[in-house]
Amino acid sequence: MATPTVFIAALSLAVLSAAASAAYTNYTVGGNSGWLFNDATNTSSANYSAWAANNTFNLGDYLVFNTNSNQTVIQTYNLTIYQSCSIDDSDGSDTFQYDGGVTSFGQAMTIPVPLTIEGTNYFFSDADDGVQCQAGMRFQIKVNHGSGLPPSLNQPPPPPYMEPPGPGTPQSPSSVTTAGPSGNGGVAVGRNVPLTVTLIGVVTITLGLIRFV
Ligand SMILES: *[C@@H]1O[C@H](CO)[C@@H](O)[C@H](O)[C@H]1NC(C)=O
Ligand SMILES: *[C@@H]1O[C@H](CO)[C@@H](O)[C@H](O)[C@H]1NC(C)=O
Ligand SMILES: *[C@@H]1O[C@H](CO)[C@@H](O)[C@H](O)[C@H]1NC(C)=O
Ligand SMILES: *[C@@H]1O[C@H](CO)[C@@H](O)[C@H](O)[C@H]1NC(C)=O
Ligand SMILES: *[C@@H]1O[C@H](CO)[C@@H](O)[C@H](O)[C@H]1NC(C)=O
Ligand SMILES: *[C@@H]1O[C@H](CO)[C@@H](O)[C@H](O)[C@H]1NC(C)=O
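Bear in mind the structure is a predicted one, so any value in this text is a computation, not a measurement.

Chemist: So what's going on with the sheet that holds strand 11 (residues 187–190)? Residues and values would help.
Modeler: Ordered by their spatial adjacency, six strands build an open sheet running 4-10-9-6-7-11, and the pairing between neighbours is mixed. The open sheet is flanked by strand 4 (57–58) and strand 11, the only strands paired with a single partner. Pairing of strand 9 (residues 119–124) with strand 10 (residues 138–144), which is carried by six bridges, proceeds in the antiparallel orientation. Following the sheet pairing, Thr-120 is matched in strand 10 by Lys-142.

Here is the structure:
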């Protein structure tokens, strides 16, 4: 149960964000068609390029992907990566994956992606080894400045973890960077990004041995 302090803080935050959000828009990608691909017919459920061309986008707006885990949501600022329909050649600095934390096929997901960088943003699904992307699961948008980023999205991502130098240890290059631009919730993907190993909790039940003397 929330304490009164937490409640008041939440209330003021809600009032503040209601006032601020008027300037920003959430766009549902593909409208009612969602972000989906039909494997049987090799077709996307909407013409996403036509959808994108029909809207104007500003910093602080969100793209909302109503999809399932048979599709992926990749955001990149790199035309070469976009055209390749693959994240394999990304250097880890300009390409982000949003998976909603789902790891099995066919799970419904709603993925909000904030627009935090002005200029051309590219989106695609790299599922089915690029087949989805080649068959229409991709689009590009131009993000205008609009009112600029709202404070909620204007936080710098936390600095990368640095191993404190031990006595006499030569400094090794530190390379951990996984947060997206302005902490957008995406995970940087590419060749140089260290793999994150998700440990699935393993419950070990130890049975006590009863010794009869
Ligand atoms: C837009 O989506 C974001 C992320 O889900 C949410 O926090 C925000 O309240 C939404 N804004 C509006 C105007 O619906
Ligand atoms: C879909 O397209 C891919 C690549 O072009 C092809 O390999 C596959 O056979 C197609 N599937 C169907 C059902 O047409
Ligand atoms: C999708 O829409 C674009 C822009 O309106 C058009 O040029 C293109 O031919 C359409 N693609 C398909 C597969 O219908
Ligand atoms: C573009 O917007 C108009 C007006 O809102 C709508 O009628 C039309 O269906 C939209 N086209 C696409 C491809 O989303
Ligand atoms: C796009 O990515 C490729 C592959 O990582 C890289 O060689 C290229 O420099 C990038 N382009 C830009 C404009 O950053
Ligand atoms: C998702 O993909 C799996 C494996 O290819 C398939 O069995 C399932 O029918 C698909 N689900 C949806 C909702 O498309």
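Chemist: Lay out the nonpolar core in plain terms, naming residues and giving numbers.
Modeler: By size, the foremost hydrophobic cluster in this structure holds 28 residues, and its most contacted members are Phe-65, Val-73, Val-113 and Phe-124. When residues no more than four places from it in sequence are discounted, the contact partners of Val-113 are Tyr-62, Leu-63, Phe-65, Val-73, Gln-75, Tyr-98 and Asn-184.

Chemist: Provide a residue-level description of the site of ligand 5, including the pertinent values.
Modeler: In the vicinity of ligand 5, the contacting residues are Asn-78, Thr-80, Ile-81, Asp-89, Ser-90, Asp-91 and Asp-94. Looking at the shell around ligand 5, the elements that each hand over two or more residues are helix 3 (79–84) and strand 7 (91–98). In terms of residue class, the shell around ligand 5 is made up of one nonpolar, three polar and three charged.

Chemist: Report on the sheet that holds strand 5 (residues 62–68), specifying residues and quantitative values.
Modeler: Ordered by their spatial adjacency, three strands build an open sheet running 1-5-8, and the pairing between neighbours is mixed. In this open sheet, the two edge strands, each paired with only one partner strand, are strand 1 (26–28) and strand 8 (108–114). The mean inter-strand angle of the sheet, taken between neighbouring strand axes irrespective of direction, is 25 degrees. Of the strand pairs in this sheet, strand 5 and strand 8 are connected by seven bridges, and their pairing is antiparallel. Note on strand 8: the bridge partner recorded for Leu-63 is Val-113.

Analysis parameters
Residues numbered from 1 in each chain as written. Chains lettered and ligands numbered in written order. Predicted model: local features only at pLDDT ≥ 70, side-chain atom pairs only at ≥ 80, totals over all residues. Pairing = 2+ DSSP bridges. Helix = DSSP H or I, 4+ residues; strand = E, 2+ residues; numbered from the N terminus. Core = buried A, V, L, I, M, F, W, Y, C linked by C-beta atoms within 7 Å. Buried ≥ 20, exposed ≤ 12 C-beta atoms within 10 Å, placed from the backbone. Contact = placed C-beta atoms within 7 Å. Near = placed C-beta within 6 Å. Nonpolar A, V, L, I, M, F, W, Y, C, P; charged D, E, K, R; others polar. Axes fitted to C-alpha atoms, helices over the stretch in contact; angles between N-to-C directions.

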